[in-house]
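Secondary and tertiary structure notes
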Amino acid sequence: LAAYGVYAITAWVGRHMRARFSAMVLGMGASMMVLYFGIYAALSGYQVVSGLWPYFTNVYIPPDAQQAYAFMRRHVAPDSIVIADLYAANMLPGFVRVRTVIGYPPAYEKEGDFQRDLAITGAFLSRTLSEEAARDLVSSWRADIVYADPSSGVALRPYTFLKPVYANDSVVIKRVVR
């Protein structure tokens, strides 16, 4: 349909206008079509790229978290299992070679165990689990490190099997003592 429209306009301009004016009109029309195609292609490409990369836009990592990541890179064994809240559990594997209990990969949140693990992790970090239940949880998950906020229950009233190894204004890191 668009090709027929271009043909009809070209034929009409060629019949009714002078040659110089018709060449100018056709040149403007062709340049507008090329411009439209360029804008359409750019917007379509932007939408495709935005759809493929939804999780990594506008990430800000505070300096305290960067210092904690640097500490973990130096002092935590690779592939250690870390108990952390959902935000930290999604960030840690990207900056430190560790595995987290919740958060990664993105398809995990579609599984049935995700909400259960999220609730159990929240109960552990808020220190609402008993000492024995927390010890059983840590051994069943084979966790090595706890990464928490300083205002969390684990930081304020730690379990007896957690040994503090790092702390700053935003992060507390504790090692599990077996």
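Next up on the list: the pairing of strand β1 (residues 80-83). Alternating positions in β1 separate into two faces, Ser80 and Val82 on one and Ile81 and Ile83 on the other, with burial throughout. Across three bridges, the pairing between β1 and strand β2 (residues 98-100) is parallel. Residue pairing for β2: serine 80 is matched across the bridge by valine 98. In this sheet, strand β3 (residues 145-148) lies alongside β1 in parallel orientation, the contact comprising two bridges. Looking at the pairing, isoleucine 83 lines up with valine 146 of β3.

This paragraph deals with the packing of aromatic side chains. Following the criterion strictly, the structure yields six aromatic pairs and no others. Ring centres of tyrosine 36 and tyrosine 40 lie 6.4 Å apart, and the angle between their planes is 25 degrees; this geometry places the pair in the stacked category. Here the residue tyrosine 36 and the residue tyrosine 40 both occupy positions in helix α2 (residues 19-52), the gap between them amounting to four residues, near one helical turn. On the accessibility criterion, tyrosine 36 (60% relative accessible area) is exposed. Relative to tyrosine 166, the ring of phenylalanine 71 has its centre 4.8 Å away and its plane inclined at 25 degrees; by these criteria the two rings are stacked. Taken together, the residues phenylalanine 71 in helix α3 (residues 63-75) and tyrosine 166 in strand β4 (residues 162-167) connect sequence positions 95 residues apart. Judged on exposure class, the residue phenylalanine 71 and its partner tyrosine 166 are both buried. Taken together through their ring pairs, the aromatic side chains of Tyr69, Phe95 and Tyr147 make up a single cluster.

This brings us to the sheet that holds β1. Strand order across the open sheet formed by five strands is β2-β1-β3-β5-β4, with mixed pairing between neighbours. The open sheet is flanked by β2 and β4, the only strands paired with a single partner. Pairs of neighbouring strands in the sheet enclose a mean axial angle of 30 degrees, with direction left out of account. Strands in contact with α3 are β1, β2, β3, β4 and β5 (172-176); relative to β3, the strand with the most contacts, it is inclined by about 175 degrees. Against the sheet, helix α4 (residues 86-95) contacts β1, β2 and β3, and its axis sits at roughly 160 degrees relative to β2.

Running from N to C, α3 and α4 point in directions that differ by 55 degrees, and their axes come no closer than 10 Å. As judged from the angle between their axes, α3 and α4 are oblique. At the point where α3 passes α4, the crossing takes the right-handed sense. Side by side, α3 and α4 meet where Tyr69, Met72 and Arg73 of the first sit next to Met91, Leu92 and Phe95 of the second. Looking at the contact of α3 with α4 residue by residue, the classes come out as five nonpolar, no polar and one charged.

Calculation notes
Residues numbered from 1 in each chain as written. Predicted model: local features only at pLDDT ≥ 70, side-chain atom pairs only at ≥ 80, totals over all residues. Heavy atoms only, no water. Buried < 20%, exposed > 50% of the residue type's maximum accessible area, 1.4 Å probe, protein only. Helix = DSSP H or I, 4+ residues; strand = E, 2+ residues; numbered from the N terminus. Pairing = 2+ DSSP bridges. Phe/Tyr/Trp six-rings, centres within 6.5 Å; stacked < 30°, edge-to-face > 60°. Axes fitted to C-alpha atoms, helices over the stretch in contact; angles between N-to-C directions. Contact = heavy atoms within 4.5 Å. Parallel < 35°, antiparallel > 145°, perpendicular 65-115°, else oblique. Left-handed = near helix turned anticlockwise from the far one by under 90°. Nonpolar A, V, L, I, M, F, W, Y, C, P; charged D, E, K, R; others polar.

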